[in-house]
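Here are the chains, one letter per residue:
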Amino acid sequence: MNKKDEILEKVRHYLDKKDTQYIKKTLDYLTYKEQGLVRDGTRRAMHLVTYDLDFLSDFPIKHTVFIDAKELKLMYIITPHGYIEIED
């Protein structure tokens, strides 16, 4: 399993564990940022993964998961209304 697949599997596992209703086929590895800006204003290497929530709408709501590149640990999810902290 390559790193990209491992990251997608971690995100999929987290969303399924939290019973998040998302459109499975929209789960997508977006990019790697070597010096991405984190919520607290620091810079860190990270991977970004996106997905759409599963509900009836003409305009799906995109969410972005931020993953620490060094530890491959999910950090938080950015939503249109703010963010969701991810705790172990």
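Higher on the page you've got the structure.
Residues numbered from 1 in each chain as written. Predicted model: local features only at pLDDT ≥ 70, side-chain atom pairs only at ≥ 80, totals over all residues. Heavy atoms only, no water.

Draft legend 1. Representation of the environment of D52 in the model. Position of D52 among the secondary structure elements: in strand 2 (residues 43–52). Spatially, the C-alpha atom of D52 lies 17 Å from that of I7, the residues being 45 residues apart in sequence. Apart from residues lying up to four places away in sequence, D52 is in contact with Y22, I23, T26, P60, I61 and K62. (Helix = DSSP H or I, 4+ residues; strand = E, 2+ residues; numbered from the N terminus. Contact = heavy atoms within 4.5 Å.)

Draft legend 2. Region of the structure containing the packing of aromatic side chains. One pass over the structure, following the stated rule, counts two aromatic pairs. On the basis of an interplanar angle of 70° and a centroid distance of 5.8 Å, the ring pair of Y22 and Y51 is categorised as edge-to-face. With a gap of 29 residues between them, Y22 in the loop between helix 1 (3–17) and strand 1 (28–37) and Y51 in strand 2 connect regions that are remote in the sequence. For the residue pair Y22 and Y51, the accessibility class agrees, reading buried in each case. Relative to Y76, the ring of F66 lies with its centre 4.7 Å away and its plane at 15°, an arrangement referred to as stacked. Here the residue F66 occupies a position in strand 3 (residues 62–68), and Y76 occupies one in strand 4 (residues 73–79), the gap between them amounting to 10 residues. The residues F66 and Y76 share a single accessibility class, namely buried. Over the ring of Y76 we find R39; its NZ or CZ atom is 4.8 Å from the centre of that ring. Sitting above the plane of the Y83 ring, R39 keeps its charged end 3.7 Å from the centroid. (Phe/Tyr/Trp six-rings, centres within 6.5 Å; stacked < 30°, edge-to-face > 60°. Buried < 20%, exposed > 50% of the residue type's maximum accessible area, 1.4 Å probe, protein only. Lys NZ or Arg CZ within 6 Å of the ring centre and 35° of its normal.)

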